[in-house]
Amino acid sequence: MELYNLKYVIDALAYSLYAFLVGGLLLGLHRKIVARIQGRPGPPILQYILHTLKFYFKEISFPITAGNPLYFLIALISITVWMSALYLGVVFNTSLLILMGLYVLQKIVEHGCGLSSGSPYGKLGGVRSVFSAAAEVPLFTVIGIIYLLTKSLIIEDIIRYQEIHGPIIFQLPFAAFAFFVLLLSKAPNSPFAIVKDKSIVSGYLTEHFGILESLIMIADGIAWFVLLWIFLAVFIGPLVVSDPLMTLLGMVVLTSLISLICALTPLLTPNHSVMIQILISALALLDLLLRIVMG
Amino acid sequence: MEEVPYHLLCCIVSLVMGGFLGLTYSYKRYLKPYVERCIDRWALLSAILGGVLFPLPLPYGINYPLSLFLLGVPFGMRPGYGRIELITGVSIAILGYLIRGLIGR
């Protein structure tokens, strides 16, 4: 029995390492594609993983303005949120509602991260993360639309539905688009990335360095893996998700598409970013209402 | 419950380790920050070996992590370096994989 428990622990750690390495490489690929499109050589694809390791071993000191214990606990909360999302979503295929809750928790992490640092740039990043909660509104409506179609919010059931009826992306293209905008808003240098806009240095991460930044970067790598996996599982289904190699390929294609958009579009101002996301939410809500009315 | 893809994990860890080796090697070997059309013979040898090893059916599928480790060396080299070597290695690997698939039929 104890050996069995040990196996579960090893499996959990191995999956986390896998998710971080894949997420880190994809974020590195994202930077490389953006750089090549903009005519720059760009960093090596390994750069994200290298940075994470570098920060992990760097000396840490606490800024005099930092509000402890939130300042250092927030990095641990961030990694806990995304590891929970990894196990509950990708490993156990549980409910989309739990994942939505964890995604909302990430906003609290970003806000807390910025405010606890005491830096004006960090605070501004934290405040902008509250604005960018507008990106979650399409998520609520997307979940509603998916429920109307599949009569379930359990990821396993949604994948099984697609085994019979084919990929949901063809039946609910607008819902897929709205979810894709959510993915886009989470990507670095995207038109909706107001939280980490360079005009506010590194946004909510400005004053987090050393091991704390490394932990947040690990969490961001896992987050990227989880979000891409959810998109593939919910909208394309077993065609891609049943084989880990096909899942990897799907993730590379999605990341490349997002990188292309990020490289070719300017960063929106916070009010424009929120307005566009609210517009997409309104259209998704209209789609949901129409489906309810039409039965 | 999703099974942990241990085989893919081994492959990705090998690729990253190879990349680290390539990056360290290229920073020690070359001082210029960005040079195109420069072929490094060690990186080319590593890429060709990696490409040849990829389709070989070795026991426990060990050819994939080994091949990715060797391909990781040009893959991880500093910007501008290792491009031609990587393209050569990946082309050999794909060609070998296709030929193996045809023979397998």
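Going by an unreviewed UniProt entry, chain B carries the name DUF2104 domain-containing protein and comes from Methanothermococcus okinawensis.

By the naming in an unreviewed UniProt entry, chain A goes by NADH-ubiquinone oxidoreductase and is assigned to Methanothermococcus okinawensis. Listed in UniProt under the heading Subcellular location (unreviewed entry), the comment for chain A reads: "Membrane".

Peer 1: Help me understand the UniProt feature "transmembrane region" (unreviewed entry) in chain A in this model?
Peer 2: According to UniProt, the positions carrying the feature "transmembrane region" (unreviewed entry) are residues 12-30, 126-148, 168-187, 222-241, 248-268 and 274-294 of chain A. Annotation note: span residues 274-294 of chain A, helix share 100%, strand share 0%, distance between end C-alpha atoms 30 Å.

Peer 1: Just to check I follow, could you spell out the UniProt feature "transmembrane region" (unreviewed entry) in chain B for this structure?
Peer 2: Residues and elements named next belong to chain B. The UniProt record annotates "transmembrane region" (unreviewed entry) at residues 6-27, 39-60 and 80-99. For the annotated span residues 6-27, helix accounts for 100% and strand for 0% of the residues, and the straight-line distance between the end C-alpha atoms is 31 Å. For residues 39-60, the helix share is 59%, the strand share is 0%, and the end-to-end C-alpha distance is 33 Å.

Peer 1: Can you walk me through the packing of aromatic side chains in this structure?
Peer 2: Centre distance and the angle of the planes are the two values used to describe a pair of aromatic rings. Residues and elements named next belong to chain A. Applying the stated criterion to the full structure yields 14 aromatic pairs over all chains. Ring geometry for Phe-179 against Phe-231: centres 6.0 Å apart, planes inclined by 40 degrees, an arrangement best described as tilted. Of this pair, Phe-179 sits in helix α9 (residues 173-186) while Phe-231 sits in helix α10 (residues 211-236), placing them 52 residues apart in sequence. Overall, Phe-179 belongs to the buried group, its relative accessible area being 6%. Judged by its relative accessible area of 5%, Phe-231 falls in the buried class. Note on Phe-180 and Phe-231: the rings are 6.3 Å apart at their centroids and 65 degrees apart in plane angle, and the pair reads as edge-to-face. Of this pair, Phe-180 sits in helix α9 while Phe-231 sits in helix α10, and the two are 51 residues apart along the sequence. Grouped by ring-pair contacts, the aromatic residues Phe-179, Phe-180, Phe-231 and Phe-235 constitute a single cluster.

Quick notes on the rules
Residues numbered from 1 in each chain as written. Chains lettered and ligands numbered in written order. Predicted model: local features only at pLDDT ≥ 70, side-chain atom pairs only at ≥ 80, totals over all residues. Heavy atoms only, no water. UniProt positions renumbered as here; feature names shortened; annotations may be inferred. Helix = DSSP H or I, 4+ residues; strand = E, 2+ residues; numbered from the N terminus. Phe/Tyr/Trp six-rings, centres within 6.5 Å; stacked < 30°, edge-to-face > 60°. Buried < 20%, exposed > 50% of the residue type's maximum accessible area, 1.4 Å probe, protein only.

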